[in-house]
Amino acid sequence: MKTNDEINIDHLVRSRRKSIGLMVRDDAALEVRAPLKASMKYIWEVVEKNREWILDKQHEARKFSHFSTPKQFTEGEEFFYLGHPSPLRIETDAKAPFYHNGSEFIIAARYANAARDFFEEWYRERAARYFRERAEFFASTHDLEFSSIKINSANRQWGSCSVRKTLNFSWRLLMAPPDIIDYVIVHELAHLKELNHSRRFWLEVEAMLPGYRHAKAWLRKNGRMFKGF
């Protein structure tokens, strides 16, 4: 189904909804959600009306697509750490099974087949320390108290806060720049006071991190860069 060579409807989902919804997926595919009785003519009118938005979103998705494809753990492949890309070097005579020397990730050739496990363990260990340090900093300066921090493998949610005051973070967040990590941590800390996303919640976030809007927008646009693993 298409109007021309530029835009296709890749997925059409009909349901008992009242309006048409458009979504550009991470693979740049256009998904249209429409009411059961909506005509194709009307659906295409809505698509055409939003042509510029669709094309912009598809361009953005394609630009970052190589970051979200599964890692192959090959020589020279880049992995992010605190916002900076570090290439992987496979070394025959490495001084340790796996380590980061400040600019490169290095793995001993004999352990290359287990690279994924080494990477995840490395990220998890450092994420646990780094996230706790930043959470304790913001909590202590704003009279907040959390019970514990847990590291998980979530690929869609950066963090969460439970009613028992447990902060949960994906180890993948360690790939993002420090100011973006701070935003996610502050976001979850604010939930200690407001378990919602009301105006009062965002005032709590702003009190701890005045420039949060920039980080929030940046993460929405670029977050997919740190999820391909």
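Look a little higher up for the structure.
Residues numbered from 1 in each chain as written. Predicted model: local features only at pLDDT ≥ 70, side-chain atom pairs only at ≥ 80, totals over all residues. Heavy atoms only, no water.

1. Side note on the nonpolar core
Okay, step 1: In terms of nonpolar packing, the biggest core is built from 50 residues, with F119, Y123, F131, F169, Y183 and L189 touching the most fellow members.
Okay, step 2: Of all the elements in the fold, those that place two or more residues in this core are β4 (78-81), β7 (105-108), α4 (115-141), β8 (148-152), β10 (166-170), α5 (178-190), α6 (199-208) and α7 (212-222).
Okay, step 3: With 9 residues, α4 is the single largest residue contributor to this core.
Okay, step 4: With residues up to four places along the chain from it excluded, the contact list for Y123 reads F79, F80, F105, W171, L174, M175 and F229.
Okay, step 5: With 13 residues, the next largest nonpolar core counts V24, A34, W44 and V47 among its residues. (Core = buried A, V, L, I, M, F, W, Y, C linked by side-chain atoms within 4.5 Å. Buried < 20%, exposed > 50% of the residue type's maximum accessible area, 1.4 Å probe, protein only. Helix = DSSP H or I, 4+ residues; strand = E, 2+ residues; numbered from the N terminus. Contact = heavy atoms within 4.5 Å.)

2. So, the pattern of salt bridges
Okay, step 1: In total, this model carries 12 salt bridges according to the counting rule given.
Okay, step 2: Taking the shortest distance from any N to any O, the salt bridge between R89 and E104 comes out at 3.0 Å. You can see R89 sitting in strand β5 (residues 84-91) and its partner E104 sitting in the loop between β6 (98-100) and β7, a full 15 residues away along the chain.
Okay, step 3: Accessibility expressed as a relative area gives 25% for R89, which makes it partly exposed.
Okay, step 4: Close ionic contact of E204 with K193 constitutes a salt bridge, the shortest N to O distance being 3.8 Å. Of this pair, E204 sits in helix α6 while K193 sits in the loop between α5 and α6, and the two are 11 residues apart along the sequence.
Okay, step 5: Bridged by salt links that share partners, the residues R25, E31 and R33 form one connected network. (Salt bridge = Lys/Arg side-chain N within 4 Å of Asp/Glu carboxyl O.)

3. Structural notes on α4
Okay, step 1: For α4, with 27 residues, the first-to-last C-alpha span of 39 Å sits near the 39 Å given by 1.5 Å per residue.
Okay, step 2: Where α4 ends, the next residue or the one after it, D143, has phi of about 55°, a positive value. (Expected span 1.5 Å × (residues − 1).)

4. A short note on the pairing of β4
Okay, step 1: Summarising the sheet, β4 and β5 pair through 4 bridges and their orientation is antiparallel. Across the sheet, the residue bridging to F80 is P85, located in β5.
Okay, step 2: Hairpin connection between β4 and β5: a loop of 2 residues separates the two successive antiparallel strands, and L82 in this loop has a positive phi of roughly 50°. (Pairing = 2+ DSSP bridges.)

5. So, the packing of aromatic side chains
Okay, step 1: Summed over all chains, the structure comprises 23 aromatic pairs.
Okay, step 2: Plain terms: the ring middles of F73 and F79 are 5.5 Å apart, the flat faces sit at 20° to each other, and that makes the pair stacked. Both residues of the pair, F73 and F79, belong to the buried class.
Okay, step 3: With a centroid separation of 6.4 Å and an interplanar angle of 75°, the aromatic rings of Y130 and F131 are classed as edge-to-face.
Okay, step 4: Classification of F131 by relative accessible area gives buried; the value is 0%.
Okay, step 5: An aromatic cluster is defined as three or more aromatic residues linked by ring pairs; in this entry it consists of F73, F79, Y81, F98, F105, Y111, F118, F119, W122, Y123 and W171.
Okay, step 6: The aromatic ring of F79 is capped on one face by K71, whose charged end is 4.8 Å from the ring centroid.
Okay, step 7: One residue, K216, lies across the ring of W202, its end atom 3.9 Å from the ring centre. (Phe/Tyr/Trp six-rings, centres within 6.5 Å; stacked < 30°, edge-to-face > 60°. Lys NZ or Arg CZ within 6 Å of the ring centre and 35° of its normal.)

6. Brief notes about α6
Okay, step 1: Of all the positions in α6, only F201, W202, V205 and M208 are classed as buried. The arc enclosing the buried residues of α6, seen along the axis, measures out at 120°, which places them on a common side. Exposed residues pointing more than 90 degrees away from the buried face of α6 are listed as R199, R200 and A207.
Okay, step 2: On its buried side, α6 packs onto α4, α5 and α7. (Arc of directions from axis to C-beta.)

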